[in-house]
Amino acid sequence: MTDEETIRVYNSRATDYAKFLSTGQQDADLRAFIEAMPEGGLALDLGCGPGNSAAQMRDAGLRVEATDASPEMVRFARDNHGLDAKVATFDELEGTDVYDGIWANFSLLHAPKADMPRHLQAIRDALKPGGVFHIGTKLGKDSARDAIGRMYSYYSVKELIGLLKDAGFSPRTPREGAEAGLDGTVAPFVIILSDG
């Protein structure tokens with residue numbers, strides 16, 4: 001993510017976003033991701049936000065790297081969860097056969113649609129053989145800003161599955177739903193766990 005307005009919103013709302021994400025329990029999608037990982041495996045939280053998910057992965061026994069384009073989100077993850085998070089954009093992901101799993105939960109939807117194929121290819125390359133990839137994104141068409149200024153790229157389920165397959169993933173059954181985001185708007189979403 002390199003959209004400056006989106007980064008600015010996250011910088012100014014890091015504490016609010018952390019409270020929004022704090023449910024006190026691990027969600028089913030994160031549990032499924034952790035269970036699909038080998039014991040003590042290396043996970044990348046790509047777009048870690050305030051670090052809630054990365055901390056739960058670590059507490060479940062995984063080794064975790066966490067990155068986010070928002071310096072304030074990274075600061076929050078370090079200060080409040082003790083994570084060794086670092087500031088990095090999606091473009092900075094590199095390496096081959098590095099991770100057992102990559103978690104991109106409602107982060108890649110901030111990347112321009114034209115960039116998604118190359119981001120997915122970089123993720124596929126960075127996964128070890130047999131690794132798993134989690135992606136969550138909002139459903140819809142085109143791109144637009146939300147009520148608080150964040151830029152979103154929207155996808156249909158079919159479109160996202162096609163992109164994943166084109167990058168060499170084997171998507172599992174998608175899970176669809178709808179919930180309110182940080183801006184208060186209820187939006188439909190899809191979550192897909194894929195095998196690399």
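The coordinates are above.
The structure contained in this document is the topic of the report that follows. In this text, all values refer to a predicted model and were calculated from it rather than measured experimentally.

### Overview of helix α6 (residues 116-126)
Reasoning step 1: Of the positions making up α6, those classed as buried are Met-116, His-119, Leu-120, Ile-123 and Ala-126. Angular distribution of buried residues about the axis of α6 spans 125°; they occupy a single face of the element.
Reasoning step 2: In this structure, the buried side of α6 is in contact with β1 (42-46), β4 (99-105), β5 (127-138) and α7 (157-166).

### A word on the pairing of β1
Reasoning step 1: The element β1 is largely enclosed, with a buried count of five among its five residues.
Reasoning step 2: Sheet topology note: the β1/strand β2 (residues 63-68) ladder contains five bridges and is parallel. Among the inter-strand pairings, Leu-42 is bridged to a residue of β2, identified as Arg-63.
Reasoning step 3: For the crossover that starts at β1, traverses helix α4 (residues 52-59) and ends in the parallel β2, the hand is right-handed.
Reasoning step 4: Pairing geometry for β1 and β4, over three bridges, is parallel. Bridge pairing links Leu-44 to Ile-102 in β4.

### Structural notes on the nonpolar core
Reasoning step 1: Ile-102, Leu-108, Leu-120, Ile-123 and Phe-133 are the most contacted members of the largest nonpolar core, which totals 28 residues.
Reasoning step 2: Contributions of two or more residues to this core are made by β1, β4, α6, β5, α7 and β10 (186-195).
Reasoning step 3: Counting residues per element, this core draws most heavily on α7, which supplies five residues.
Reasoning step 4: Setting aside its immediate chain neighbours within four residues, Phe-133 contacts Ile-102, Ala-104, Leu-108, Leu-120, Ile-123, Leu-127, Leu-164, Phe-169, Ile-192, Leu-193 and Ser-194.
Reasoning step 5: The next biggest cluster of nonpolar side chains, apart from the first, holds eleven residues, and it includes Tyr-17, Met-73, Leu-109 and Tyr-152.

### Description of the pattern of salt bridges
Reasoning step 1: Per the counting criterion, the structure on display carries 13 salt bridges.
Reasoning step 2: For Arg-145, the salt bridge identified is with Asp-3, shortest N-O distance 2.9 Å. Of this pair, Arg-145 sits in strand β6 (residues 143-145) while Asp-3 sits in the segment before α1 (4-12), and the two are 142 residues apart along the sequence.
Reasoning step 3: For Arg-145, a relative accessible area of 39% puts it in the partly exposed group.
Reasoning step 4: Taking the shortest distance from any N to any O, the salt bridge between Arg-8 and Glu-5 comes out at 2.8 Å. Placement of both Arg-8 and Glu-5 in helix α1 is noted, with a separation of three residues, approximately one turn of the helix.

Definitions and limits used
- Residues numbered from 1 in each chain as written.
- Predicted model: local features only at pLDDT ≥ 70, side-chain atom pairs only at ≥ 80, totals over all residues.
- Heavy atoms only, no water.
- Buried < 20%, exposed > 50% of the residue type's maximum accessible area, 1.4 Å probe, protein only.
- Helix = DSSP H or I, 4+ residues; strand = E, 2+ residues; numbered from the N terminus.
- Arc of directions from axis to C-beta.
- Contact = heavy atoms within 4.5 Å.
- Pairing = 2+ DSSP bridges.
- Right-handed = clockwise from strand over helix to strand, strands pointing away.
- Core = buried A, V, L, I, M, F, W, Y, C linked by side-chain atoms within 4.5 Å.
- Salt bridge = Lys/Arg side-chain N within 4 Å of Asp/Glu carboxyl O.

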